[in-house]
Amino acid sequence: MSEPFVARPRAAAAVAPPLRAVSTAASAPMTATRPLEPDRPPARVPTRRPVPDHPAVAPLAPYLADPAVTDVFINGIDGLFVDRGRGAERVPTWHADVQSVRELAVALIGIGGRHLDDLTPLVDVRWEQGARVHAVLPPVACAGAAISIRLPSAERPSLDELGRRGMFDDATGERLRGLVRERANILVTGATGTGKTTLLAGLLALVPPGERIVTIEDVAELRIDHPHHVRLEARQANLEGAGAVGLDRLVREALRMRPDRLVVGECRGEEVRELLTALNTGHHGGAGTLHAGGLADVPARLEALGALAGMDDHAVARQVASAIGAIVHLDRRADGTRQVVGIAQPVVRGGRLDVEVQT
């Protein structure tokens, strides 16, 4: 029987106490990623991912350090799950009570410099090592604190390497290289976990070293092998509700930084208006990502984002068709393989946005 949830005063929650009654298999096997091919630079893929030097991380360290793990989830008292590219799998040896999971959530968020308590029960942070941590406390999370940790890739695969891993065939790879050479504006689409950020990083690594790349993200995840990469990250408001810096503002500020390539890591709100405006006023070679289940869903997603920015369907259609040169869609197969399943061009039909799949 799980211990009942007992809310603690805010001051006590601010300092994370040591965890109780948490057990894990400390000797969990490490799965190393496949060695890089000979034509890559000599840097090797690390066999362990760096993790924060903090006692709260200890119960999760074997999984956070494993470079094969992409996500770690704690669903309250329902347990720990990890994703190694095959979907979320339960760790049967890991157990914790309600209070221990709550304390763990508070501590993990504290590593990122923010505060999680009953007044602020939903918080998202990024650790210095690049991991993205999200936590939700009860009673919003019904079965105990829910923790989601998205881990950065331990390597930076080139476009050639992604092709060797089966993400696309030779012909598609050459088309992707051509889009970068031609400075086409590219929108990479797909569902969660399909490899959008990985593919985008591989494409941007092909940008000539003399060009300036400015990337704008809600949480900075893009790691690019490029000598002139400026990273901007949005900022949430503080406890008093002040100090927020949104993606829409960052797009406007980035235009003053003379970018050769303007990149928005993920379009999810009204910043789509600023991005489309920028790409329609002489900024070529830009890129972004968008959540969509299929190529046919992309127009509706862009129309929904445009509505948040006060744009009607006709305005969205004209702006997207003019700004975006190619839409590259990714899917994740049952065996975990991430693949480019289509490349399309946005078009206007009957005043509405549509996509035309290229063969």
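Description of the structure in this document. It should be emphasised that the depicted structure is a prediction, and the values quoted were computed from it without experimental measurement. (Residues numbered from 1 in each chain as written. Predicted model: local features only at pLDDT ≥ 70, side-chain atom pairs only at ≥ 80, totals over all residues. Heavy atoms only, no water.)

Here's the deal with the overall build of the chain
Item 1. Along its length, the chain carries 10 helices and 14 strands.
Item 2. Evaluated residue by residue, the chain yields a buried proportion of 50% over its 359 residues.
Item 3. A sequence separation of at least 24 residues applies to 57% of the contacts in the chain between residues at least 6 apart.
Item 4. Roughly 16500 Å² of accessible area belongs to the chain as shown, and the carbon and sulfur atoms make up 53% of that amount. (Helix = DSSP H or I, 4+ residues; strand = E, 2+ residues; numbered from the N terminus. Buried < 20%, exposed > 50% of the residue type's maximum accessible area, 1.4 Å probe, protein only. Contact = heavy atoms within 4.5 Å. Areas by Shrake-Rupley, 256 points an atom, 1.4 Å probe, with all protein chains shown as cover.)

Brief notes about unusual backbone geometry
Trans is the common state for peptide bonds, and a negative phi is the common state for residues other than glycine.
Item 1. Cis geometry marks the peptide bond from P138 to P139; its omega dihedral reads 5 degrees.
Item 2. By the element assignment, P139 lies in the loop between β5 (132-136) and β6 (146-150).
Item 3. Phi is positive for R183, close to 60 degrees, though the residue is something other than glycine.
Item 4. Its place among the elements puts R183 in the loop between α5 (170-181) and β7 (186-190).
Item 5. Unlike most non-glycine residues, R258 shows phi in positive territory, near 50 degrees.
Item 6. Its location among the elements puts R258 in the loop between α7 (247-254) and β10 (261-264).

Describing the environment of V298
Item 1. If you trace the backbone, V298 turns up in helix α9 (residues 298-308).
Item 2. A sequence separation of 57 residues divides V298 from V355, and the C-alpha atoms of the two residues are 8.0 Å apart.
Item 3. Once you skip the residues sitting within four places of it in the chain, V298 turns out to touch L187, T189, L290, A292 and I327.

Description of the nonpolar core
Item 1. By size, the foremost hydrophobic cluster in this structure holds 37 residues, and its most contacted members are I216 and L302.
Item 2. Among all residues touching L302, those that are not within four sequence positions of it are L187, V272, L290, V316, V320 and L353. (Core = buried A, V, L, I, M, F, W, Y, C linked by side-chain atoms within 4.5 Å.)

Points about the side chain of K196
Item 1. Looking at where K196 falls in the secondary structure, it is placed in helix α6 (residues 196-204).
Item 2. There is no salt bridge for the buried K196, and the closest opposite charge comes from E266, which lies 6.5 Å off by N-O distance.
Item 3. Within the structure, the side chain of K196 is placed 3.3 Å from the backbone oxygen of G190, a separation counted as a polar contact.
Item 4. For K196, the contacting residues outside a window of four places in its chain are V188, T189, G190, A191, T289, L290, H291 and L330. (Lys, Arg positive; Asp, Glu negative; His and termini not counted. Salt bridge = Lys/Arg side-chain N within 4 Å of Asp/Glu carboxyl O. Polar contact = N/O pair within 3.5 Å; in protein donor to acceptor, adjacent residues only side chain to side chain.)

Notes on the environment of N238
Item 1. For N238, the location among the structural elements is in the loop between β9 (229-233) and α7.
Item 2. Taking C-alpha positions, N238 is 9.6 Å from H115, a pair spaced 123 residues apart along the chain.

Some points on the pattern of salt bridges
Item 1. For the structure shown, the criterion picks out 27 salt bridges.
Item 2. R249 is the salt-bridge partner of E253, the closest N and O atoms lying 3.8 Å from each other. On the criterion of helical spacing, the pair formed by E253 and R249 is a turn pair, its members being four residues apart in helix α7.
Item 3. Accessibility expressed as a relative area gives 32% for E253, which makes it partly exposed.
Item 4. Accessibility expressed as a relative area gives 41% for R249, which makes it partly exposed.
Item 5. One salt bridge connects D313 with R352, and the closest N-O pair in it is separated by 3.6 Å. Note that D313 is positioned in helix α10 (residues 313-323) and R352 in strand β14 (residues 352-357), a separation of 39 residues in sequence.
Item 6. Here D313 falls in the partly exposed class, since its relative accessible area comes to 27%.
Item 7. Since its relative accessible area comes to 38%, R352 is described here as partly exposed.

Considering α6
Item 1. Across the nine residues of α6, seven count as buried, placing the element largely inside the fold.
Item 2. Within α6, burial applies to K196, L199, L200, A201, G202, L203 and L204.

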